[in-house]
Amino acid sequence: MQRDVGSFPLAPGLRAKLIGAGFQTAQELLEIGPCELSKEIGISKEEALETLQIVRRECNSNATKTAGDLEAVGKCTALELLAQEQAQGFIITFCSALDDILGGGVQLTKITEICGAPGVGKTQLCMQLAVDVQIPECFGGLAGEAVFIDTEGSFMVDRVVDIATACVQHCQLIAETHQEEDFQKSLETFSLESILSHIYYFRCHDYTELLAQVYLLPDFLSEHSKVRLVIVDGIAFPFRHDFEDLSLRTRLLNGLAQQLISIANAHKLAVVLTNQMTTRIGQSQSTLVPALGESWGHAATIRLIFHWDNKQRLATLYKSPSQKESTVPFHITPRGFRDVHPPPPSQTPAEVEINPRKRPRIEGDKQQ
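Residues numbered from 1 in each chain as written. Predicted model: local features only at pLDDT ≥ 70, side-chain atom pairs only at ≥ 80, totals over all residues. Heavy atoms only, no water.

1. Considerations on the nonpolar core
Core analysis: the biggest nonpolar cluster contains 49 residues, and Ile91, Leu98, Phe190, Leu229, Val272, Phe306 and Phe337 have the highest contact counts within it. With 7 residues, helix H9 (residues 157-177) is the largest single contributor of residues to this core. For Phe306, the residues in contact, after removing those within four places along its chain, are Ile114, Cys115, Gly116, Ala117, Val120, Gly121, Lys122, Leu125, Leu314, Ala315, Phe330 and Phe337. Counting 38 residues, the second-largest nonpolar core is a separate cluster that includes Phe202, Cys204, Ala212 and Leu217. (Core = buried A, V, L, I, M, F, W, Y, C linked by side-chain atoms within 4.5 Å. Buried < 20%, exposed > 50% of the residue type's maximum accessible area, 1.4 Å probe, protein only. Helix = DSSP H or I, 4+ residues; strand = E, 2+ residues; numbered from the N terminus. Contact = heavy atoms within 4.5 Å.)

Encoded structure:
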């Protein structure tokens, strides 16, 4: 942290401004935020964010190399890596078909991107995961906490209440068939109030706020060591407007991706991003593709694409290093994200499948 400011890979003019403003070491720089740095040396907030990201990344890299040397740098065998991944566990989705094609659920230390058109269920899955990550270990969960970064204003607390209530009831049913003390003891602390109090919500209104929030996330995670899931819903919205300099947008997105990858690995957590779809015009036809371009497609380890087939929601595993490409159906029910089951004769399709952007109808709740 005492590294000299002049030794960082910054533009010469920027280094001169920093030194001229009295900044001598990395510690002095990292003690202030991007807005204050912007005013101090007369640069834009975006440039200030990018500067602080570079300084923090360089400092973290040096700390990794000096603390523990080979072990800290990541020297290990493939067998050790396999054992680590198998011991980490997964965050289940409550849709067994989707869990199966993902290899067990959403993986820790990986970035999972969920792409799809509005209303197809991206935010619904994010809210489901924010609840599921808190399932006690004796029930097969992680007993973790969640960070929810919302850029679109899609987070609905009353919907989370429905999902959390259903999850608690599900665990209670399991506990009734197991008389072990661990199950009963876990349910004493696994309640609706507990679930809501361990979802940390941040609302970001533009890309500057989003970048600043992700930049400050490591400090927050150090104070909240039980966080096992970071959600950014949605990653594209702040970057699709008011950007004349596309090269700057690309640099900021690359820095954001690197920061999220670093967070996922350093804190042993899962990062889940949602992304919009955009139209790509070809010579003979147009197709829907994930937003932010092809270069952004490399940021996520796993990419899911949600889409429609008539009135049926489908999830396609489009990119994964360990699982084959597959497509499965899913439903959004009043109780949350679920498998597709044939509806009983007394139910109508409208009562089984609900609009994810609206509150479930009271009749549907009563049927549950």
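Right, picking up where we left off after that structure.
2. A look at the sheet that holds strand E10 (residues 302-309)
Strand order in this open sheet of 9 strands is E5-E4-E6-E7-E3-E10-E11-E12-E13, and the pairing throughout is mixed. Unpaired on one side and paired on the other, strand E5 (199-203) and strand E13 (336-338) mark the two borders of the sheet. With strand direction ignored, the average angle separating the axes of adjacent strands in the sheet is 25 degrees. Packing of helix H12 (residues 207-223) onto the sheet brings it into contact with strand E4 (145-150), E5 and strand E6 (227-233), and relative to E4 it is tilted by some 165 degrees. (Pairing = 2+ DSSP bridges. Axes fitted to C-alpha atoms, helices over the stretch in contact; angles between N-to-C directions.)

3. Brief notes about the environment of Trp296
Within the fold, Trp296 resides in helix H14 (residues 293-296). For the pair Trp296 and Ala257, spaced 39 residues apart in sequence, the C-alpha separation works out to 8.4 Å. Ignoring sequence-local partners within four residues, the contact set of Trp296 consists of Glu113, Ile235, Leu253, Ala257, Leu273, Asn275, Ala291 and Arg303.

4. Notes on the packing of H9 against helix H10 (residues 181-189)
Orientation of H9 relative to H10, taken along the N-to-C sense of each, is 155 degrees, at an axis distance of 9 Å. By the angle between their axes, H9 is roughly antiparallel relative to H10. In this structure, H9 meets H10 at a crossing whose hand is left-handed. Contact residues: H9 offers Cys171, Gln172, Ile174 and Ala175, while H10 offers Phe183, Gln184 and Leu187. (Parallel < 35°, antiparallel > 145°, perpendicular 65-115°, else oblique. Left-handed = near helix turned anticlockwise from the far one by under 90°.)

5. A closer look at unusual backbone geometry
Gly234 follows Asp233 through a cis peptide bond whose omega is 0 degrees. Here Gly234 shows up in the loop between E6 and helix H13 (246-266). Unusually for a residue other than glycine, Phe94 sits at a positive phi of about 70 degrees. Locating Phe94 in the fold gives a position in the loop between strand E1 (90-91) and helix H7 (96-102). One non-glycine residue, Leu292, lies in positive phi territory at about 80 degrees. Along the chain, Leu292 falls in the loop between strand E9 (286-290) and H14. Look at Leu292 and you get buried, because its relative accessible area is 8%.

6. Re H10
What sets the pattern is the α-helix's 3.6 residues per turn: residues three or four places apart point alike. Considered for burial, the residues of H10 that qualify are Phe183, Ser186 and Leu187. Buried residues of H10, seen end-on, are gathered within an arc of 100 degrees and therefore sit on one face of the element. Along H10, the residues that are exposed and aim more than 90 degrees away from the buried face are Glu181, Lys185, Glu188 and Thr189. (Arc of directions from axis to C-beta.)

7. Comments concerning the packing of aromatic side chains
The description of two aromatic rings rests on the distance between their centres and on the angle between their planes. Applying the stated criterion across every chain yields a total of 10 aromatic pairs. Each ring, one from Tyr207 and one from Phe239, has its centre 5.9 Å from the other, and the planes form 35 degrees; the classification is tilted. Residue Tyr207 is found in helix H12, and its partner Phe239 is found in the loop between E6 and H13; the two are separated by 32 residues along the sequence. For Tyr207, a relative accessible area of 12% corresponds to the buried category. For the ring pair Phe306 and Phe337, a centre distance of 6.2 Å and an interplane angle of 25 degrees mean the geometry is stacked. Highlighted residues: Phe306 in strand E10 and Phe337 in strand E13, separated in sequence by 31 residues. Comparing Phe306 with Phe337, the two get one shared label, buried. (Phe/Tyr/Trp six-rings, centres within 6.5 Å; stacked < 30°, edge-to-face > 60°.)

8. With respect to H9
Taking 1.5 Å per residue, 21 residues should reach 30 Å; H9 reaches 31 Å between its end C-alpha atoms and fits that length. Within H9, burial applies to Arg159, Val160, Asp162, Ile163, Ala164, Ala166, Cys167, Val168, Cys171 and Ala175. Where H9 is buried, its residues touch helix H8 (122-132), H10, helix H11 (192-197), E5, strand E12 (326-333) and E13. (Expected span 1.5 Å × (residues − 1).)

9. Section: the packing of H8 against H9
Between H8 and H9, whose axes approach to 9 Å, the crossing angle comes to 45 degrees. Our classification of the angle between H8 and H9 gives oblique. Taken as a pair, H8 and H9 cross one another with a handedness that is right-handed. Side by side, H8 and H9 meet where Gln124, Met127, Gln128, Val131 and Asp132 of the first sit next to Arg159, Val160, Ile163, Ala164 and Cys167 of the second. Split by residue class, the contact of H8 with H9 holds 6 nonpolar, 2 polar and 2 charged. (Nonpolar A, V, L, I, M, F, W, Y, C, P; charged D, E, K, R; others polar.)

10. Details of the pairing of strand E11 (residues 312-319)
Regular strands place side chains that alternate from one sheet face to the opposite one. With 7 bridges joining them, E10 and E11 adopt antiparallel strand pairing. Bridged to Arg303 within E11 is Lys319. Linking E11 to E12, which pair antiparallel, is a turn of 6 residues.

11. Quick word on the confidence of the model for the protein chain
In this model, the protein chain carries a mean pLDDT of 85, and residues with pLDDT of at least 70 account for 88%. Note that pLDDT drops below 50 for residues 66-73; the model gives that stretch 6 contacts with residues more than four away or on any other chain. Throughout residues 346-368 the model reports pLDDT below 50, and contacts reaching past four residues in sequence, or to other chains, amount to 42 contacts. (pLDDT = per-residue confidence, 0-100.)

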